[in-house]
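Below, each chain spelled out in residue letters.
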Amino acid sequence: MSQLHVVCQHCHTTNRIREADLDKAPDCGSCHAALFTAHPVNLSATEFERHITRSDLPVLVDFWAPWCGPCRMMAPAFEQAATHLEPRVQLVKVNTDEAQGLGARLNIRSIPTIALFVGGREVARQAGAMGASDIVKWTRAQLVRATTAV
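Every value quoted in this text rests on a predicted model; they were computed, and no experiment measured them.

Each value, and the rule that gives it
- Residues numbered from 1 in each chain as written.
- Predicted model: local features only at pLDDT ≥ 70, side-chain atom pairs only at ≥ 80, totals over all residues.
- Heavy atoms only, no water.
- Phe/Tyr/Trp six-rings, centres within 6.5 Å; stacked < 30°, edge-to-face > 60°.
- Helix = DSSP H or I, 4+ residues; strand = E, 2+ residues; numbered from the N terminus.
- Buried < 20%, exposed > 50% of the residue type's maximum accessible area, 1.4 Å probe, protein only.
- Salt bridge = Lys/Arg side-chain N within 4 Å of Asp/Glu carboxyl O.
- Expected span 1.5 Å × (residues − 1).
- Bend = angle between axes of the 7 residues up to and from the residue.
- Contact = heavy atoms within 4.5 Å.
- Polar contact = N/O pair within 3.5 Å; in protein donor to acceptor, adjacent residues only side chain to side chain.
- Pairing = 2+ DSSP bridges.
- Axes fitted to C-alpha atoms, helices over the stretch in contact; angles between N-to-C directions.

Student: Help me understand the packing of aromatic side chains in this model?
Tutor: The relation between two aromatic rings is expressed through the spacing of the ring centres and the mutual angle of the planes. Per the counting criterion, the structure on display carries two aromatic pairs. Arranged with centres 5.4 Å apart and planes meeting at 80°, the rings of F48 and F117 form a pair that is edge-to-face. Placement of the pair is F48 in helix α1 (residues 45-54) and F117 in strand β6 (residues 113-118), with a sequence separation of 69 residues. Look at F117 and you get buried, because its relative accessible area is 4%. Linked through ring pairs, F48, F63 and F117 together constitute an aromatic cluster.

Below, the structure is given as structure tokens:
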């Protein structure tokens, strides 16, 4: 049985979870909080690096800022998308005002922008506000594309 590394969204500890147990609401071995809550978590630049480099799960990132109207409009849709994509995809948010260096390094030019990371590297990006069903469809299509491109 294969094991996956999953980074806890609460304490950011890397956990080993059997793939078959993903759907069984696993808890973090360190802080004992649920690894999947169907709510995207806000990450700092350091926490972002940990999640994309140490997690075996794809990570969908919403790059946003609090002053951005379209970002605020998309926030509920991104949260709703988490209910459909977890536990196979982790959803996180990065405030580009707080993580300006990360935004610059990743060349985030407009917000909101969602980006999908698989195996520590970005495989797809989409700028502009989207509804929940569009986020889910886009993510699933990009995952299919990323796995067939190998």
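Anyway, onward from the coordinates.
Student: How should I be thinking about the pattern of salt bridges in this particular structure?
Tutor: A side chain with one charge can pair with a side chain of the opposite charge if their charged atoms come near. As enumerated under the stated definition, the model contains six salt bridges in all. One salt bridge in this structure joins E49 and R105, with 2.0 Å as the shortest N-O distance. Of the two residues, E49 is situated in helix α1 and R105 in helix α3 (residues 100-105); the sequence distance between them amounts to 56 residues. Judged by relative accessible area, which is 27%, E49 ranks as partly exposed. The exposed category is assigned to R105, whose relative accessible area is 52%. D62 serves as the salt-bridge partner of K93, at 2.7 Å between the closest nitrogen and oxygen. Taken together, the residues K93 in strand β5 (residues 90-95) and D62 in strand β4 (residues 59-64) connect sequence positions 31 residues apart. In this structure K93 comes out as buried when scored by relative accessible area, which is 11%. A relative accessible area of 0% means that D62 is categorised as buried.

Student: Sorry if this is basic, but what is going on with helix α2 (residues 69-85) here?
Tutor: Every α-helix carries 3.6 residues per turn, so stepping three or four residues along brings you back to the same face. For α2, spanning 17 residues, the distance from its first C-alpha to its last is 25 Å, which sits close to the expected 24 Å at 1.5 Å a residue. Taken as a whole, α2 carries its principal kink of about 35° at A75; the proline P76 stands between one and four residues after it. Of all the residues in α2, the buried ones are C71, M74, A77, F78, A81, A82 and L85. Lining the buried residues of α2 we find β4, β5, β6 and α4 (132-148).

Student: I would appreciate a short explanation of the side chain of Q9 in the present structure.
Tutor: With respect to the element layout, Q9 can be found in the loop between β1 (3-7) and β2 (14-18). Under the relative-accessibility criterion, Q9 is labelled buried at 8%. Separated by 3.0 Å, the side chains of Q9 and T37 make a polar contact. Each residue touching Q9, except ones within four places of it in the same chain, is listed here: A34, L35, F36, T37, H39, P40, V41 and H51.

Student: Could you clarify how one ought to interpret the environment of T83 in this entry?
Tutor: Checked against the element boundaries, T83 lands in helix α2. Take T83: its relative accessible area is 47%, and that puts it in the partly exposed class. Of note is the side chain of T83, whose polar atom sits 2.5 Å from the backbone oxygen of Q80.

Student: Even after reading the chapter, I still don't get the sheet that holds β4, so can you show me in this structure?
Tutor: Backbone-to-backbone hydrogen bonds pair the strands of a sheet. The strands run either parallel or antiparallel. Ordered in space as β3-β5-β4-β6-β7, the five strands form an open sheet in which the pairing is mixed. Each end of this open sheet is capped by a strand with a single partner; those strands are β3 (41-42) and β7 (121-127). One ladder, built from six bridges, connects β6 with β7; its direction is antiparallel. Along β7, the bridge assignment pairs T113 with A127. Across the sheet, α1 touches β3, β4, β5 and β6, and the angle it forms with β4 is around 155°.

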